[in-house]
Protein chains: 6
Amino acid sequence: MVDELLLKRAGILIEALPYIQQFYGKTIVIKYGGAAMVDPSLKEAVMTDIVLLRYVGIHPVVVHGGGAEISELMKRLGKEATFVNGMRVTDAETMEIAEMVLVGKIGKEIVQLINQHGGKAVGLCGKDAAFMIARKMRSEPDIGLVGEVERIDPAMTDLLATHGFIPVISSVAGDEKGNTYNINADIVAGQVASALGAVKLIALTDVQGVLKDIGDPESLIPSLSASEVEDQLSRGVYEKGMIPKLQSCLIAVRGGVERAHIIDGRIPHAILMEVFTDAGIGTMITQ
Amino acid sequence: MVDELLLKRAGILIEALPYIQQFYGKTIVIKYGGAAMVDPSLKEAVMTDIVLLRYVGIHPVVVHGGGAEISELMKRLGKEATFVNGMRVTDAETMEIAEMVLVGKIGKEIVQLINQHGGKAVGLCGKDAAFMIARKMRSEPDIGLVGEVERIDPAMTDLLATHGFIPVISSVAGDEKGNTYNINADIVAGQVASALGAVKLIALTDVQGVLKDIGDPESLIPSLSASEVEDQLSRGVYEKGMIPKLQSCLIAVRGGVERAHIIDGRIPHAILMEVFTDAGIGTMITQ
Amino acid sequence: MVDELLLKRAGILIEALPYIQQFYGKTIVIKYGGAAMVDPSLKEAVMTDIVLLRYVGIHPVVVHGGGAEISELMKRLGKEATFVNGMRVTDAETMEIAEMVLVGKIGKEIVQLINQHGGKAVGLCGKDAAFMIARKMRSEPDIGLVGEVERIDPAMTDLLATHGFIPVISSVAGDEKGNTYNINADIVAGQVASALGAVKLIALTDVQGVLKDIGDPESLIPSLSASEVEDQLSRGVYEKGMIPKLQSCLIAVRGGVERAHIIDGRIPHAILMEVFTDAGIGTMITQ
Amino acid sequence: MVDELLLKRAGILIEALPYIQQFYGKTIVIKYGGAAMVDPSLKEAVMTDIVLLRYVGIHPVVVHGGGAEISELMKRLGKEATFVNGMRVTDAETMEIAEMVLVGKIGKEIVQLINQHGGKAVGLCGKDAAFMIARKMRSEPDIGLVGEVERIDPAMTDLLATHGFIPVISSVAGDEKGNTYNINADIVAGQVASALGAVKLIALTDVQGVLKDIGDPESLIPSLSASEVEDQLSRGVYEKGMIPKLQSCLIAVRGGVERAHIIDGRIPHAILMEVFTDAGIGTMITQ
Amino acid sequence: MVDELLLKRAGILIEALPYIQQFYGKTIVIKYGGAAMVDPSLKEAVMTDIVLLRYVGIHPVVVHGGGAEISELMKRLGKEATFVNGMRVTDAETMEIAEMVLVGKIGKEIVQLINQHGGKAVGLCGKDAAFMIARKMRSEPDIGLVGEVERIDPAMTDLLATHGFIPVISSVAGDEKGNTYNINADIVAGQVASALGAVKLIALTDVQGVLKDIGDPESLIPSLSASEVEDQLSRGVYEKGMIPKLQSCLIAVRGGVERAHIIDGRIPHAILMEVFTDAGIGTMITQ
Amino acid sequence: MVDELLLKRAGILIEALPYIQQFYGKTIVIKYGGAAMVDPSLKEAVMTDIVLLRYVGIHPVVVHGGGAEISELMKRLGKEATFVNGMRVTDAETMEIAEMVLVGKIGKEIVQLINQHGGKAVGLCGKDAAFMIARKMRSEPDIGLVGEVERIDPAMTDLLATHGFIPVISSVAGDEKGNTYNINADIVAGQVASALGAVKLIALTDVQGVLKDIGDPESLIPSLSASEVEDQLSRGVYEKGMIPKLQSCLIAVRGGVERAHIIDGRIPHAILMEVFTDAGIGTMITQ
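Residues numbered from 1 in each chain as written. Chains lettered and ligands numbered in written order. Predicted model: local features only at pLDDT ≥ 70, side-chain atom pairs only at ≥ 80, totals over all residues. Heavy atoms only, no water.

Colleague: Honestly, the interface of chain F and chain C in this entry has me stumped. Any pointers?
Modeller: Where interface size is quoted, it is often the accessible area lost as the parts come together. Between chain F and chain C, the contact holds 36 residues from the first and 36 residues from the second. Three residues, F:Arg9, F:Leu13 and F:Tyr55, lead the burial of chain F against chain C; their summed loss comes to 19% of the area buried on that side. In this structure, the connection of chain F to chain C is made through two salt bridges. F:Arg9 serves as the salt-bridge partner of C:Glu15, at 2.2 Å between the closest nitrogen and oxygen. On the surface where chain F and chain C come into contact, there are six residue pairs in polar contact (both at pLDDT 80 or more). Looking at which element gives the most residues to the side of chain F that touches chain C, the answer is helix α1 (residues 4-23) of chain F, with 13 residues. Broken down by class, the residue content of the side of chain F that touches chain C amounts to 23 nonpolar, eight polar and five charged. (Contact = heavy atoms within 4.5 Å. Buried area = accessible area lost by both parts, 1.4 Å probe. Salt bridge = Lys/Arg side-chain N within 4 Å of Asp/Glu carboxyl O. Polar contact = N/O pair within 3.5 Å; in protein donor to acceptor, adjacent residues only side chain to side chain. Helix = DSSP H or I, 4+ residues; strand = E, 2+ residues; numbered from the N terminus. Nonpolar A, V, L, I, M, F, W, Y, C, P; charged D, E, K, R; others polar.)

Given below as structure tokens:
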């Protein structure tokens, strides 16, 4: 007579309890990107995941980039996107386009979606309250207004988080002279996770995680130590797309974050799967 | 390649989100009793349910009685339990036994179980900080130290709840002259729900809810208005065991509680099923 | 032997004191626009004015639009801007452009400038924490995604203001279904001033104020009552550009703001002149 | 013409002032037991003393045991109490009886008495909020569920005390596996005094204090250093009943409590005499 | 064997408990003057009484005058004191003398004495934070800078009191134009008691209280209603010195103070006798 | 068409901004004395300067002496003022006169003036809350009740300052035995600045600052290090009046105050000139 379905559902909520307890009152930074930022139903799933985290007492912080949409608007404006070592060559006009797209389009869209699902998100970039200060990244050849994080002051985001707001951070920041820089969003996510004392960094990607054999989806490496990653990065083991993800995780873990995860954002509710199950998904990087 | 099981689990968590949002920061009073207080695995399930409520931002408050265990200790001490109109005739010695059993055995056992599951429960009776003051219930014939609630001061329980502690209340209280009274736990639960401004009272029973035809388990009445209940109580429709449950719900609902529920405590995680699903289970009483 | 210059300077600081005392702890909303948003030295002057207000204990809130820059990006993207009754016909693509320009370009530029002058500005639009909810403005013919303010929840801006941050609000907001609307920034400023309980609304324009004879700069009307403005608006006295400014002031004043001012943003430090002198500048609208 | 009686009374209040100032805002732990817990007028006197302490700005905390009443209920239930080295052999049934008596009878009776005298007492045992965690005491032969204190978390009792509530602690606690232990109340009092940073521990006994010659009531030793006590304990100087009292005092003093006192609970208001006079009564143990 | 003396002392402390409970957290205003301000041992007694009040959770506030010392300094400076209807004719020089004596001599002496006894007193007059604003009292003939209380803002004294400081108020205040006025200290005490929401005003005098027959010390009237006092004042029953005391009490009682007392300051610890005994001393005026 | 005057005024406000930012939330101690305490229009200017400081977020604290007025009252009372090494020989009667003049006349006059200009000043001496404890200054020959600062407890002044009140401190303090001492106000100012963690000490004098050649007003030394001052003091370079000023500055700077200034109080608004301009005026002493 017992409704088996209801029973099962209750059981699953109960299985989540130890994870809720473990992360209660802690900060989890989510690097949002890839398919999960394109596919409407995946987007929906990410937003509910984030709102759920906040309602079970966790402080989620979202960091996002948006290279494809930047390139698209550049194209529409008759500008060709050029890259050096995977980094966008960024002149003043490109920077303006990037900022408009990241802050004024993608960021606010995420904010609105979270709020439609019952959250209270606030869209921010490094310029707001000057909470993240950038400096020009030195590179040869010069690639323009590409920046790196100089320092982060967590006062404003902490204020918002402790009052139940969810910061959504676009990977744009200024320096003290009034310049604006585009920063790799993976790197920003790692830095933010470290500066905010996050317990976890979760990077949503379009792969299953780190694979031993890139052609074999069965070869997922479930966990790596920071030293292993550093070693393998220095030996050039990883393909190009994976490198900034791994660097982001290293920054986080070396900066005090307990665990960083590269997970498959193509799976709906991948965030919940990572946070609320023992096995987790994807590849975990630890100290 | 997606793990279907994990996916399903995530989906179920997500389905709970609207309910979490609805009850966030609100108080839910649970009248604990019946099989759920006897069967070890049901007990375990109730405790995890309560801890889960607290971790998703709800303030659970537990009220319990324990008639059977009182009678048992009475028997071991060579005292026979006698009842008038379903109420225990309570002389001074019986009262002492009842208080020892309720406060010193059942209450603290619940506290310990909740705390083993990660909660921070505190066992209380009306005497603590004199937060619930009783008076003698008038009855013909006189049945001794059976009381009714005179007033409740929520200051201490509010202090505990806002600091994340879970009050576990035994249905014993004193008056200002130093007398002690045994009070029907159902009635205490209704009064506490009202005095604490709870949004919900959930009474765990050993039946499915209110049945139209007591012999037909398919005849469950899913919802009743307070007026319907009052009308039917006055017409003597209900069997004896159901009457205090319904009176408890009436006290709560007439005292401002939005919804009171009589649910089947024999089903594991019945509390979660009630709180986190649309259909709910059992019978709901509303204004 | 006394340094006459220093003496004079001190005297001027002292003359500002009564105004500082009058507005201490109060909110002043500044509608930023026109030449003051284009000319670099005027921009600089506005930013220092705003930072000064905050350091003398006033809570400044900035609201801005940016029609010209929206039109310019539309043009670069091969879209022609069309207007009906002075309002931009706004299809989905136009809305996206408007949002990018207002939120991602103009808003963050203001934020960065304020912060370079020692303030702590945070760029917001209605979507952030859903603090300002819009609805479609009905018009004949339909002009698309042009909105009006449905309601404002001042909780987040109050939180920021009481912690010393300066909200910079772009005139874009969403509704609960996920639509985005462009709203006249003057109207937003009036609504925000009223919802935040501001003591003053200051609209920076490119005229001296309300002139009796539009051709005669000597004919400035220093003050008007709300009823006078309503009467003259209904009689069609004002030229087109002035109408939304006056409506903004009316919304503010009718919504409880003591004084609304239409001032000449072409004058450097016009805000300080308005706030810290007895005569003030421009035209003042009062209840 | 001056009322000599009133004058005397005022003088006595004034003499208490230096002691009130000395202990203002400090915690004093009272080990309650012996005749003072049996004789009705002594009980009354203790309760008023405790309430008075709280009203003059001191934070009193009460710890109690209750061996005689445990033995009595055991006897009524046909169980014989057996002791090894003065410690009660405690099987599961004995433990249940002990908990019922201590928590559900004695503790709540103290609570009610304090509250009748105008205090706001709350009855607690180690299980509440798991504030005191026990472990099995190793002994040869095994004596069952007799525990010792593993650790104390003062968060909940501090919360209660700073809000004017008076914790009344029964000497029962659990471990993390769900076992329950009976702990010597003297030892609990010493541990609690140390963990709560008390300035004083006062143990109510049925003797005058530590006597040089146990047969000579004139031979009271007014003060002993912790080292003297340790030395004399190791030399077996003391009679059996005094040993746990002295150990309790040692635990307190070695744990940072300034002074521990063994006083004669048969004297009404012995607590006030100790706290508010220069001479004090009984024997004082200091660092 | 029990020390009878200690026992008696404890008993007296206990008798004070109900009064401590009654006045806990409440404000008691003491009008200090007469012999109690001259005799060294009486002064000492008053100071300890005040400090004791504060340590048992009461907020004492002291108001004092000092006519005799003003006259004395006037005389030393070759100025003759003249009075009209019992009020000092106060020219500018007299006012300066009065202020120096009251604020700079008597007030600070009281402050120092209280602090020597363990209190934390702060000496104030109406000018401090402009908390009490005076206006010229109209009289025929004109008597100069004699004032009456126009209004009292309790913000600063409340701030001090809730942080444990004891305000000592000299009966001098200014108006908004910079004039200084001498105000009858009895009247100030009544006004302060009312403005601060005191529960009691105690006026120390050099008589036993209100006597039915001024020549018969046995004829003390223990209590009077405000109406009785008003009636008798209008009928000219009282001798001159008593009139301002009774007016002070009327102001207090009519302004919401529960009880006002005229007591004999020549008795040491008269304040404690009034506050901590049932009978009290002197004459009590009630609503 | 722009009003040049208004424009200039705004510009001057803006020039003050960096200084406001620099000193925001910091304490500045002002040693008030000399012509600025005598000339009515200079007094007025000082008061507005102090109120302005407070309204731009700075915490001003005023310390004053008043030797001339003490001597004057002494003379009127037929007492001759005598000095040894520039210090007033202070018998009990002289001390009483000094206290009345400083606390009851000068201090409260300053308080009233500040409050008339919109501040909330509170007049204090060391006796209030015993915040500044003095001891007898040893000297040969004995000069009586001349004191030096033993210690300062900033709790009360901090409480007042953080609530927007302005402490005005007279240079009188007591010891714990009830003695009263007159202390050099310059020295008090230095000690107070150090104890309160001030960022600046500003001493108003009747000279331009430290002059190289006392006869040549053009020879002002704009800045000196603490070591230079110590060296020159030991070499007896300075004239008598300057010595306590320099000692005061040394106490402050050696006690952690960043900058101490000796400025010309004969110039109206000299405080503002010092605080809000780059050049400053007078002589600055730094670490």
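Colleague: What is the right way to look at the packing of aromatic side chains in this model?
Modeller: A full pass over the atoms with the stated rule returns six aromatic pairs over all chains. Taking the centre distance of 4.9 Å and the plane angle of 85° together, the rings of A:Tyr55 and B:Tyr24 count as edge-to-face. Separated into two different chains, A:Tyr55 in helix α2 (residues 40-55) and B:Tyr24 in the loop between α1 (4-23) and β1 (27-32) make up a pair that spans both. Accessibility expressed as a relative area gives 32% for B:Tyr24, which makes it partly exposed. We note A:Arg54 situated over the ring of A:Tyr55; from NZ or CZ to the ring centre the distance is 4.6 Å. (Phe/Tyr/Trp six-rings, centres within 6.5 Å; stacked < 30°, edge-to-face > 60°. Buried < 20%, exposed > 50% of the residue type's maximum accessible area, 1.4 Å probe, protein only. Lys NZ or Arg CZ within 6 Å of the ring centre and 35° of its normal.)

Colleague: Would you take a moment to explain the relation of the copies chain A and chain C for this structure?
Modeller: The pair of chain copies shares a relation made of a rotation about an axis and a shift along it. Aligned on chain C, chain A shows an RMSD of 0.0 Å; the corresponding rotation is 180° and the shift along the axis is 0.0 Å. When the rotation and shift are considered jointly, the pair of chain copies conforms to a two-fold rotation axis. It is A:Gly104 whose C-alpha, among those of chain A, lies nearest the rotation axis, at 2.0 Å. Comparing interface residues between copies, 100% of those in chain A also sit at the interface in chain C, which points to an isologous, same-surface contact. (Least-squares fit on C-alpha atoms with pLDDT ≥ 70 in both.)

Colleague: Is there a simple way to explain the pairing of strand β2 (residues 59-64) of chain E in this structure?
Modeller: Within a regular strand, side chains alternate between the sheet's two faces. Residues and elements named next belong to chain E. In terms of burial, β2 is largely enclosed, as five of its six residues are buried. Relative to β2, strand β1 (residues 27-32) is paired through six bridges, and the arrangement is parallel. Opposite Tyr32, over in β2, you have His64 as the bridge partner. Since β1 and β2 lie parallel, the crossover through helix α2 (residues 40-55) that links them has a hand, and here it is right-handed. With three bridges connecting them, β2 and strand β8 (residues 166-170) associate as parallel partners. (Pairing = 2+ DSSP bridges. Right-handed = clockwise from strand over helix to strand, strands pointing away.)

Colleague: I tried to follow the interface of chain A and chain C on my own but got confused; where do I start?
Modeller: Counting residues at the interface gives 38 residues for chain A and 38 residues for chain C. In total, chain A and chain C occlude about 3,100 Å² of area from one another, counting both sides; carbon and sulfur atoms represent 59% of this. Contact with chain C buries surface across chain A, with A:Met100, A:Lys108 and A:Gln112 losing the most and accounting together for 19% of the total. Here chain A and chain C share six salt bridges between them. Elements supplying a minimum of two residues to the side of chain A that touches chain C: α3 (67-76), α4 (92-116), β5 (121-125) and α5 (155-162) of chain A. A total of 13 residues in the side of chain A that touches chain C trace back to one element, the largest contributor, which is α4(A). Classifying every residue of the side of chain A that touches chain C by side-chain character gives 16 nonpolar, ten polar and twelve charged.

Colleague: Please explain the arrangement of the chains as it appears in this structure.
Modeller: The closest approach of any C-alpha atom in chain A to one in chain E is 28 Å; the two make no contact. Considering only C-alpha positions, the minimal separation of the non-contacting chain C and chain E is 16 Å.

Colleague: Sorry if this is basic, but what is going on with the environment of B:Ala130 here?
Modeller: Residues and elements named next belong to chain B. Mapped onto the secondary structure, Ala130 falls in the loop between β5 (121-125) and β6 (132-136). In this structure Ala130 comes out as partly exposed when scored by relative accessible area, which is 24%. Considering only alpha carbons, one finds Ala130 and Asp175, 45 residues apart in sequence, at a separation of 8.5 Å.

Colleague: What is the right way to look at the relation of the copies chain F and chain C in this model?
Modeller: Laying chain F over chain C is done by rotating through 180° and shifting 0.1 Å along the axis; what remains is an RMSD of 0.0 Å. The fraction of interface residues of chain F whose copies in chain C are also interface residues reaches 100%, indicating that both copies meet through the same surface.

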